[in-house]
Structures are given as structure tokens and as C-alpha cells.
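# A closer look at the structure
Each chain is listed here by its residues.
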Amino acid sequence: MAVRGLGGLIPRKGRRLRLVRRAGYVLGGLVVVLGICLWVVYTQVKVPPVSAAARAEASILYYRDGTPIAQVGRLNRVAVPLRSIPAHLRGAVLAAEDRGFYSEPVVSPTGLTRAVLAALSGGPRQGGSGIAQQYVKVAYLSPRQTLDRKVKELFIAVKLNRSRSKDWILEQYLNTVYFGRGAYGVQAAARAYFRKDVGDLTPAESALLAGVIQAPSYLDPALGHTAQTQARWRYVIDGMMSTGVLPKGPRPAFPKVAPAHTDALYGGQRGYLIERITGELHRRGFDDDAIYRRGLRVTTTLDRATQEEAPRAVADAVGGDKDIETGLVSVRPGTGEILAAYGGRDYLKHQYDNAFLADLPAGSSFHPFVLATALQDGIGLRSVVDGSPLKDVRNDDDHKAGATDLLEATAASYNTVFARLGAKTGASAAGRVGLPSRPVPPRVHAVDQAAAYAALADGRYADPHIIARVTDASGKTLLTVRPHVRRALSPAVAADVTFALGLGAKVGGARAVLDRPAAGQIGTTDANAAAWYCGYTPSVATAVVTYRASNRPLINQGDAPLRKTTGTPAAIWKAVTTTAVADRPPEDFPPPAWVGTPQRFATPTPSPTPPTPPTTPPVYVPPEKRATPQVRSPKGMLSKTSPPTRPSKGHATHPATADPDATADPDATADPKGPPDSEGNADSEGKADSEGKADSEGTP
């Protein structure tokens, strides 16, 4: 069939061929234009002098007030000729980084395409570089991963390949690339990792060094990521076998490395802080070359006074027990700024960071997030839940267990109440504040606990971060960190949780140790595996955890209450928080909102052993009119089933702002029973603490 047009009948096949030819002409023209543009750019790009571009300058890390924390990046490099570098080390590096270095073009088109697409789309940064391009980036260009830098990197690499031999490029690369531990080049790396010269390395050791080039601060086997390091090492060993560097056969044994960071620079808390700061720099797009050679000026969120108080507080509370490990993080509510962190006694002796890496059972410190979930589901603070013993959950005072309302249960931290409540409602609120929502309770890190408790202050969750600003040595701003904040809980739910925690924050908690409004929760775990104190004021939230390095129970004194273990983290919390708020005026929390409705999941029962049976019905008396202590009502009694009238003034830590329809002062009625920990064991908030002080109910 033909199509009629102005020029007569033209066969469809001929029409298609004409369109194809025209498209070919256009495409060919574009290729010619692009080629001309590339040639112009190629001729304009000059190879800068190595001596000027590769000049290394240390980076400086600062507290928020501008006081230096540490200087990192002192250059450690000893150049060696290629002939002095063992063949198995050269082969290991090629197997790890560029297996086609000698046989393929100097530029990797597929790798470059991936990098360009990532840069244009804003996605994760891609290396996409062979050895020649990596050397150009280190020796000549800025470390920032931008499209402009990538184009320059490509053209300089091509020019070097035209003017220099592949052996020369490889030699320069092996003497320049960063291996971690402050070591640049293979000779410095051999000394840093194995305490030997490069010529004495074994093939297995060479494979490890070649493997860490990809991510030196992550793949150093001494820093904890052993599985990832070994996987990378096996990849290199297999590559050495496939390329003929090693004979095929069983892999050699994984080599043992020397301890990392033996420099006094990393002593005490400084090593933990350096690791946290450089780790966040990596996540924000700065590579090792930028951090250790380009003279960055990094201002952190750390408060100097609070940070310096942390190790003093731990030493005072823990004393000479060297088996006790402690982790601590303080966070600013509403911004997520990390004000202080304590990772261990001394980084040079214990490089496992207890604040950011230790994964420990949350125990009863997780109860506020079960309570927040219940409140979101409409279950009010005056709802009654059965607190009687369970098979796998115990309280210190099981013989006194009974039904109780959630306000009292939170103040006393009843294990059995929260075990039943969690089974009914779950803990979805935990997921909105950065914690696992399952199991109930989960295992958590101190930094995540601090950020989650900070969200309880007003319902906003902010991602915790330790960097505020980064500039180069000339003062040009490279990065300004803006807090990432989202609404996690309604203000009303946050106010009610805070009010409940404020009532219970007495002995072993915040109310007894601060001269200002505060809310907090102790946390004990099965067999005393760990002990927590997590608490907050409107301006700072701090999580403290202690555990034994030997994995033995924190305390083993017969029938000593579980609560006794929380005296140590509570004392640390007090000292650190007192310092953190020292220059701030007291601030009030919002009053309780009394969300939800009172619901009965159990019939309230009187205490089996009431101290003094009341002779008259309890009557609420305002604090200013109280002449004598109020008569206690039987434990577990409910208030009116209708929500109380919201008080006009007050905050969470003032019992006078509690439900005005309550039958008794919550401080006087809280029952000494505790909630389930991660293993189903109880808190023992009802007994005396380690110093023999009264519990939250006033019982001696």
C-alpha cells in the first residue's frame, strides 16, 4: 500500500529509510560537536604540579565554642621504588582496585557512567575510577565528588597515560594512596598494620592492605567490622589467584594485625570522639583524603563542659570496679545535637564504643514508649491494668501486686503492668522515635535511647548528629548541618508521658537529684545484665547504661533488689545533666493533657497489706492548704472514670498538677512493683536504693 502526498505516491519503506538517514545525520552532527567540545576541554585542562596539589594539611576538630578537640591527619608517608614493592603486593592492589590496569584503557567508561549518573541524580556517590583516576584525584584535585571534578579527573588521567608509563602511575599510586591509621603509601601501611617493612609482607598481609583501600576507616579489622573485612580479603585473594599472582588452592590464613591507634592522640575519650566525628564526615560525603590531608575545620555540637564532666561522673560513680563498662550520650531536644558522649574508660585500651556500638537490652527503660502507644490508642493514664505476677515476669514485691492505673504504674515502673499492656498495644511509638518497636522491649544503643527520650520532651524527633559546620583552611564553608526534625508524637501524648515519668523520677531518678523540672526512667534487665537511667529536661536528654565486660550480673548479693543496680547510672546522669543545664534557667514542661479515656482491663484491688487503713474518704487538698500529710487511699484504687480538668499551671514533675479527681497523691500511692525488661524480668523500683534511701513511694 502507498501513501499519497504532494510528491506523488511514496512507498512506506522508502519514507522510513529517509527518516532513518535524517536521524543519522543529526546524531552524527551531535557526535562531531560533542567531540569538538571534548577536544577543547581536553586541551584546556592542564596537569597541575603534584608538589602543590598534593600538599597535605591536618584537619582540626573543635567543640561548639571553638576550643580544639584534636588535630588529625599528620602525614605519614615513606616513598619506595616500584622494584622494592613485592610482586604479590602489586598484584593484590591490582586485583582489588583495577584488574585491567595494564590491558585496558586508563579510563573506565562504565564506572565513569555510573558516577556521572549518580552525580546528576543526587544518588549515592560512586567511585567509578581505576588506579590512574584515583591517583589523579589524590595528587591533583579536590576530594569532593562532583561532576566537574570527575571530568577533570578523566582528562588529566588520559594526559598522564599519554606522557607516563603504567609502571610510573602504579608506583606513584602505591606511594600516595591512603590505607587508614594515618598511613599514606605501602611502606607506611606495612609499618602501621604489621610493624614490618613492605618488603617483608606475606601475600595474605598484602591482600589485607589492598582490601582496606576501598574504605580504610571501615575495613580496618581492629575497628570491629571483621566479617566485612574478611569478605573483602577473600575477594582480593581470589582475584590474586584468578590473575596468576598466587597459585590456585586453599586460601592462606587471615593475617593478624597490630592494634590500631596507639598514638597518645587517641587516649581517653578523644579517640571515641575522633571516630564518631570522622564517621559522620564520611556519611556526609567527605573521604579520608579530605579528612586527613585537606585541612578541614570541623565545628562539632559537643559542649565542652558537659563532655569533660562525663568521665569524671563515671569515675566517681563506678569507682575501682574495672569490670564495669559505661556508655553515655546527651542530646539536645528539638535539634538532635549531641552535647556529650562517653564510649569507655580509654580508647587505647577499649576501642569498642559503648555509647554508639554496644547493643544492650532496654529493659524497663522501654516502658515510656509502650505507654505512648497506649495513649495514642486512646487508653488514658487512669486506665487500670492487672499487675499481678506472671510466669516469666516478676516484681521485687510480688506479694503486693494488684491492679493499678497507668499513672501509678509508670511512676513505680511495674513490670507486670507493662508486660500486659505491651502485649495488648505493642510499641509502635518506639518506631517513630528511632527505636525498634519489636520485640518488646528490644535491644538498643545509648545514642538511640538519648534521641528517643529527647523526643518525649515535646513530641518532635531529631536525628542525632555531632557535626555543626565544616570549612576549609581558608574559612570557605563546605557544609552547614541543618537538624532533621519530624513530628513523632502529638504534643498531648508527649505531655502525658512526661507527666507520668516526672512523678516517678525521684529516688534513683531525676526529681530527687535536680533543682528543676525533669522526667526519667530507670531500666533493669534480666539477671542484671545491664542497668539504665534515661531522663530529660526541656533542654537536654541523657541516656546512661552500665554492664559488665565479663557478662556477669551487675550485682550478685542474694536477694538484693534489681533496682539497686540503677543507682550507678542515675548518679552519672545527675552529674552530667546538672553540668549540661548549669547555664540555663529552669524550664517547665507543658502540663498534662489527659488524652484518651480511663479504661478498665482489671478490677482494682486494695493492697494486701495496707500500711494504715483509711478511716475517712480521701479528699484532694491543694498543696498550699495542706497542713498535715494526706491520708493514703488503698493502693490500686481508681480515680473517677471521667478525664480530669486540666490544671492551669504546673509541669510534669510537680505532683500538684496531677489529676485533680485522683483519690490520692500519686507520690503517696505508687506501688513498689516493677515492669518487664527485655528478658521478661522485673524492675524493683519499690525497694531501697544502693544507699538505703526511700523508694519512689516513700517506703523506707
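Residues numbered from 1 in each chain as written. Predicted model: local features only at pLDDT ≥ 70, side-chain atom pairs only at ≥ 80, totals over all residues. Heavy atoms only, no water.

## Looking at the overall build of the protein
Within the protein one finds 22 helices and 20 strands. Residue burial in the protein is summarised as follows: out of 700 residues, 54% are buried. Of all intrachain contacts in the protein linking residues separated by at least 6 positions in sequence, the fraction that spans at least 24 positions is 73%. Carbon and sulfur atoms form 54% of the exposed surface of the protein, whose accessible area is close to 30,300 Å². (Helix = DSSP H or I, 4+ residues; strand = E, 2+ residues; numbered from the N terminus. Buried < 20%, exposed > 50% of the residue type's maximum accessible area, 1.4 Å probe, protein only. Contact = heavy atoms within 4.5 Å. Areas by Shrake-Rupley, 256 points an atom, 1.4 Å probe, with all protein chains shown as cover.)

## Some words on the sheet that holds strand 7 (residues 297-300)
One open sheet holds the five strands; their spatial order is 4-3-7-15-16, and the pairing between them is mixed. Among the strands making up the open sheet, the edge pair consists of strand 4 (68-72) and strand 16 (477-480). Between one strand axis and the next, the sheet turns through 15° on average, direction left out of account. Bridging between strand 15 (residues 467-471) and strand 16 involves three bridges; their strand directions are antiparallel. Its bridge partner being in strand 16, Arg-469 is matched across the sheet by Thr-480. Set on the sheet, helix 12 (residues 270-283) makes contact with strand 3 (59-62), strand 4, strand 7 and strand 15; between it and strand 4 the angle comes to about 70°. (Pairing = 2+ DSSP bridges. Axes fitted to C-alpha atoms, helices over the stretch in contact; angles between N-to-C directions.)

## With respect to the nonpolar core
If you look at the biggest cluster of nonpolar residues, it comprises 95 residues, and the most contacted ones within it are Val-329, Phe-369 and Tyr-536. With nine residues, helix 19 (residues 446-456) is the largest single contributor of residues to this core. Once residues lying within four places of it in the same chain are set aside, the contact partners of Val-329 are Ile-338, Ala-340, Ala-341, Ala-355, Phe-356, Ala-446, Val-447, Ala-450, Ala-541, Thr-542 and Ala-543. The next biggest cluster of nonpolar side chains, apart from the first, holds 49 residues, and it includes Leu-89, Ala-189, Met-240 and Met-241. (Core = buried A, V, L, I, M, F, W, Y, C linked by side-chain atoms within 4.5 Å.)

## Description of the packing of aromatic side chains
Any aromatic ring pair is given by two values, namely how distant the centres are and how the planes are angled relative to each other. Tallied over the full model, the rule gives 14 aromatic pairs. Ring-pair connections join several aromatic residues into one group, and the members of that group are Phe-366, Phe-369, Tyr-453, Tyr-536 and Phe-589. The cationic tip of Lys-166 hangs over the ring face of Phe-101; the distance from NZ or CZ to the ring centre is 5.1 Å. In this structure, Arg-276 packs its charged tip against the face of Phe-356, placed 4.8 Å from the ring centre. (Phe/Tyr/Trp six-rings, centres within 6.5 Å; stacked < 30°, edge-to-face > 60°. Lys NZ or Arg CZ within 6 Å of the ring centre and 35° of its normal.)

## Focus on helix 8 (residues 186-194)
For an α-helix, the turn length of 3.6 residues means that residues three or four places apart are oriented alike. Helix 8 sits mainly inside the fold: eight of its nine residues count as buried. Along helix 8, the residues that are buried comprise Val-186, Gln-187, Ala-188, Ala-189, Ala-190, Ala-192, Tyr-193 and Phe-194. For helix 8, the elements touching its buried residues are strand 5 (76-77), helix 3 (87-97), helix 7 (166-174), strand 6 (183-184), helix 9 (203-212) and helix 10 (216-219).

## Some points on the pattern of salt bridges
Tallied over the full model, the rule gives 23 salt bridges. The closest approach of N and O atoms between Asp-321 and Arg-548, which form a salt bridge, is 3.1 Å. Here Arg-548 lies in strand 20 (residues 541-548) and Asp-321 lies in the loop between helix 14 (304-318) and strand 8 (324-331), a separation of 227 residues in the sequence. Overall, the relative accessible area of 10% leaves Arg-548 in the buried class. One continuous salt-bridge network, built from bridges that share partners, spans Asp-321, Asp-323, Arg-548 and Arg-552. (Salt bridge = Lys/Arg side-chain N within 4 Å of Asp/Glu carboxyl O.)

## Quick notes on the sheet that holds strand 9 (residues 338-342)
Strand order in the open sheet formed by five strands is 9-8-20-19-18, with antiparallel pairing between adjacent strands. Every interior strand has two partners, whereas the edge strands, strand 9 and strand 18 (519-524), have only one. The mean angle between the axes of side-by-side strands here comes to 5°, regardless of whether they run parallel or antiparallel. One ladder, built from eight bridges, connects strand 8 with strand 20; its direction is antiparallel. Along strand 20, the bridge assignment pairs Val-331 with Ala-541. Of the strands in this sheet, strand 8 and strand 9 are in contact with helix 14, which crosses strand 9 at around 35°. In this fold helix 21 (residues 567-580) packs onto strand 8, strand 19 (530-536) and strand 20, with an angle of close to 30° to the strand it touches most, strand 19.

## Overview of the packing of helix 3 against helix 7
The interhelical angle for the contact between helix 3 and helix 7, taken along N-to-C directions, is 90°, at an axis separation of 12 Å. When the axis of helix 3 is compared with that of helix 7, the two are roughly perpendicular. Facing helix 3, whose interface residues are Arg-90, Val-93, Leu-94 and Glu-97, helix 7 presents Leu-170, Tyr-173 and Leu-174. Tallied by class, residues from the contact of helix 3 with helix 7 come to five nonpolar, no polar and two charged. (Parallel < 35°, antiparallel > 145°, perpendicular 65-115°, else oblique. Nonpolar A, V, L, I, M, F, W, Y, C, P; charged D, E, K, R; others polar.)

## Here we look at unusual backbone geometry
Geometrically, the link from Arg-438 to Pro-439 is a cis peptide bond, its omega value of -5° lying close to zero. Mapped onto the elements of the fold, Pro-439 is located in the loop between helix 18 (428-432) and strand 13 (443-444). Pro-441 follows Val-440 through a cis peptide bond whose omega is -5°. One non-glycine residue, Trp-594, adopts positive backbone phi at about 55°.

## Some thoughts on the confidence of the model for the protein
Scored by pLDDT, the protein comes out at a mean of 78, with 70% of its residues at no less than 70. In this model, residues 1-7 is a region of pLDDT below 50 whose contacts with residues beyond four sequence positions or in other chains number seven contacts. (pLDDT = per-residue confidence, 0-100.)

## With respect to helix 15 (residues 367-376)
When you tally the buried positions in helix 15, you get nine out of 10 residues, the bulk of the element. Within helix 15, burial applies to His-367, Pro-368, Phe-369, Val-370, Leu-371, Ala-372, Thr-373, Ala-374 and Leu-375. Taken from the residues just after helix 15, Gly-378 is the one with a positive phi, measuring 90°.

## A look at the pairing of strand 9
Counting buried residues in strand 9 gives five out of five residues, a clear majority hidden from the surface. Pairing geometry for strand 8 and strand 9, over four bridges, is antiparallel. Each bridged residue has a counterpart across the sheet, and for Val-329 the counterpart in strand 9 is Ala-341. Two successive antiparallel strands, strand 8 and strand 9, enclose a turn made up of six residues, where Gly-334 displays a positive phi of approximately 90°.

## What about the side chain of Asp-353?
You can see Asp-353 is positioned in the loop between strand 9 and strand 10 (360-361). Among the polar contacts made by the side chain of Asp-353, one reaches the side chain of Arg-276 at a distance of 2.8 Å. (Polar contact = N/O pair within 3.5 Å; in protein donor to acceptor, adjacent residues only side chain to side chain.)

## Overview of the environment of Val-595
Tracing the backbone shows Val-595 in the loop between helix 21 and helix 22 (666-669). For the pair Val-595 and Asp-377, spaced 218 residues apart in sequence, the C-alpha to C-alpha distance is 9.6 Å. Excluding its chain neighbours within four sequence positions, the residues that come into contact with Val-595 are Leu-375, Gly-380, Leu-381, Ala-492, Val-493 and Asp-496.

## Topic: the environment of Pro-441
For Pro-441, the position within the fold is in the loop between helix 18 and strand 13. Each C-alpha atom, one on Pro-441 and one on Thr-525, is 10.0 Å from the other, the two residues being 84 residues apart in sequence.

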